[in-house]
Amino acid sequence: MRATIMDGRALAAKVQAEVAGDVAGLGDVGLATVLVGDDPASHIYIRRKHEAAQGVGIRSDDRRLPADISQEELIAIVEELNDDDSIDGILVQSPLPKHLDEAKTIEALDPAKDVDGFHPTNAGLLYLGRPALVPATPLGVMRLLDEYRVQIAGARAVVIGRSNIVGKPMAHLLLKANATVSIAHSQTVDLGRLTTDADIVVAAVGVAHLVAPDMIKAGATVVDVGMNRTDAGLVGDVDPGAAERAGLITPVPGGVGPMTIAMLLANTVKAARARRVANPAG
Ligand code: NAD
C-alpha cells in the first residue's frame, strides 16, 4: 500500500484564501512581529510571515530590535504594542538572545493578542479544554486531519515530543477531539511499541528519520512536524519509507510547514474578531 499524501501547501492556500475573505470583511487587521538580533533563520521566518500577511491583506508592523536590547526595553515595546488599538496580534520571534528571558517576555503580551498561543493564559485555557489562541503548528495539524477526514474520536494517537509549542498543545488538541493520547519524549523506552499500536502518529522531535517504517501500523495516519536540515536537504522526523505502510502521510517539505504560517494568519483574524466583539467601538 502506498499512503495518500496530505498536501499542506494546497490546504494552506485554501486557508489563506478564507483568511483573506475574513480580513476583507473585518476592514483592517494588524499583526506586529518583534525580532531581536540577527539570527539568520529568524530573519527568513519573519520575512515569510510578513509576505504571507500581506498576501491576505493583513497590515504588518515589523519591529527589528538590536541584539543588546535590555529586558526592560523589550517589555516596554511589547506593552506599547499591547496598548496600540490598531494592532490585533503580536508575536515575538524565538529564539531571543541569551540575556533575555523568553518566558517573561511572553508573559508581558496581552493574551488577547498572543497569536502564537504561547502565553500562560492561552496554554492554561487549552489545558482546560477551552482553547482560545492555540499555537499555529498543532492547529495546522488538526486542520490537516480534518481536511483528510481522519477519524480522531476513539483513535489511539501518539505524539512524539513534549515541547510547549508543538508536542504538548498537539496532545491537548487530540485529547479534546476524543483521541486516546500518549505523549512520547526523549526518555521514552521502546518508542516503537507505542507507535506500532497507534492510529495517528505525530512526530515533533527534530531528529531526522527517527520514525522508521516498521514503527508504523499499516494504514495509520502519520504527521511529520520535524524540520531537519541535512546534507540531503530538509527532511522530516519520519523515514520516507513509512509511506509504504501508512494510509495518510504528510511530506517534508510541503506538509505541516505551510500550514503553520496559514494558521498564524487565521489566529490573527480570530484575535481581531474577538477584540472587536469585546470592544465594538474600538
Ligand atoms: P524541541 O527541541 O523543543 O522538542 C523536541 C522534543 O522531542 C522534546 O520534547 C524531546 O523530549 C523529544 N525527543 C528528543 N529526542 C527524542 C527521541 N529520541 N525520542 C522521542 N522523543 C524525543 O522541538 P520543537 O520546537 O517541538 O520542534 C520539533 C521539531 O519540529 C523540530 O524539527 C522543529 O524544527 C520542527 N518544527 C516544525 C514546525 C513547522 O512549522 N513545520 C514548527 C515548529 C517546530
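To start, this report covers the structure provided alongside it. Once a new chain begins, its residue numbering starts again from 1 and follows that chain's sequence as written. In keeping with the predicted nature of the model, local features appear solely for residues at pLDDT of at least 70, side-chain atom pairs appear and are counted solely at 80 or more, and the whole-chain, interface and lining totals rest on all residues. Derived side-chain values reflect all non-hydrogen atoms in the structure, with water molecules and hydrogen atoms excluded from consideration.

Quick word on a nonpolar patch on the surface
Part 1: Residues qualify for a patch when their relative accessible area is over 30% and they have no salt bridge, like charges being joined within 9 Å and the nonpolar side chains of Val, Leu, Ile, Met, Phe, Trp and Tyr within 5 Å. In this description, accessible areas are obtained by the Shrake-Rupley approach with a 1.4 Å probe, and a residue is regarded as covered only by the protein chains that are shown. When a carboxyl oxygen of Asp or Glu lies within 4 Å of a side-chain nitrogen of Lys or Arg, that pair is called a salt bridge. The grouping of Val205, Val207 and Leu210 at the surface amounts to a nonpolar patch, some 200 Å² of accessible area in total.
Part 2: A helix here means a DSSP run of H or I that spans at least four residues, while a strand means a run of E at least two residues long, and both kinds are numbered starting from the N terminus. By secondary structure assignment, the location of Leu210 is in the loop between β7 (200–203) and β8 (221–224).

Re the sheet that holds strand β1 (residues 4–5)
Part 1: Any two strands between which DSSP finds at least two bridges are classified as paired. Taken in spatial order, the 6 strands line up as β1-β11-β8-β7-β5-β6 in an open sheet, and their pairing is parallel. Bordering the open sheet on either side are β1 and β6 (180–184), each of which pairs with just one other strand.
Part 2: Of the strand pairs in this sheet, strand β5 (residues 156–160) and β6 are connected by 5 bridges, and their pairing is parallel. Paired with Val159 across the bridge in β6 is Ile183.
Part 3: Contact definition: two residues touch when any of their heavy atoms are within 4.5 Å. The angle between two axes is taken between their N-to-C directions and runs from 0 to 180 degrees, where each axis is a line fitted to C-alpha atoms and a helix contributes only its stretch in contact. Contacts from helix α7 (residues 167–176) reach β5, β6 and β7, with the element oriented near 170 degrees to β5.

Brief notes about the environment of Ser60
Part 1: With respect to the helices and strands, Ser60 occurs in strand β3 (residues 59–65).
Part 2: Partly exposed describes any residue whose relative accessible area lies between the buried limit of under 20% and the exposed limit of over 50%, with all areas from a 1.4 Å probe on protein chains only and scaled to the type maximum. Residue class for Ser60 comes out partly exposed when judged on its relative accessible area of 24%.
Part 3: Once residues within four sequence positions are removed from consideration, Ser60 is found in contact with Leu31, His50, Ala53 and Gln54.
Part 4: Within the local environment of Ser60, its side chain forms a polar contact with the side chain of His50, the two groups lying 2.8 Å apart. For the purposes of these results, a polar contact is taken to be a pair of N or O atoms within 3.5 Å, where, inside protein, one atom must be able to donate a hydrogen and its partner to accept one; residues adjacent in sequence count only when each atom of the pair is a side-chain atom.

Observations regarding the site of the ligand
Part 1: Nearness of a residue to a molecule or strand requires only that one of the residue's heavy atoms be within 4 Å of it. In the vicinity of the ligand lie 20 residues, with Arg162, Ser163, Ser186, Met227 and Thr260 positioned nearest.
Part 2: For the ligand, an oxygen atom lies 2.8 Å from a polar atom in the backbone of Arg162.
Part 3: Contacts to the ligand include Ser163, whose side-chain N or O atom sits 2.5 Å from an oxygen atom.
Part 4: Contact with the protein chains removes 71% of the 860 Å² of surface that the ligand exposes when unbound.
Part 5: Here the shell around the ligand gets 3 residues from one element, more than from any other, and that element is helix α9 (residues 256–278).
Part 6: Under the convention adopted here, Pro, Cys and the residues Ala, Val, Leu, Ile, Met, Phe, Trp and Tyr are nonpolar, Asp, Glu, Lys and Arg are charged, and Gly plus all remaining residues are polar. A per-class count over the shell around the ligand returns 9 nonpolar, 10 polar and 1 charged.

Structural notes on the nonpolar core
Nonpolar side chains in soluble globular proteins tend to be buried together.
Part 1: Among the buried residues, those of types Ala, Val, Leu, Ile, Met, Phe, Trp, Tyr and Cys that are joined through side-chain atoms within 4.5 Å form a nonpolar core. Of all hydrophobic cores here, the largest spans 52 residues; its most connected members are Val19, Ile58, Val141, Leu145, Leu174 and Val202.
Part 2: A per-element tally of this core places α9 first, with 10 residues.
Part 3: Here the bounds of each domain stem from an automatic or database domain assignment. Residues from two domains meet in this core; each of domain 1 (27–110) and domain 2 (135–257) gives at least three.
Part 4: Leaving out residues up to four positions away in the same chain, Ile58 has contacts with Val19, Val23, Val29, Gly30, Leu31, Ala53, Leu265 and Thr268.

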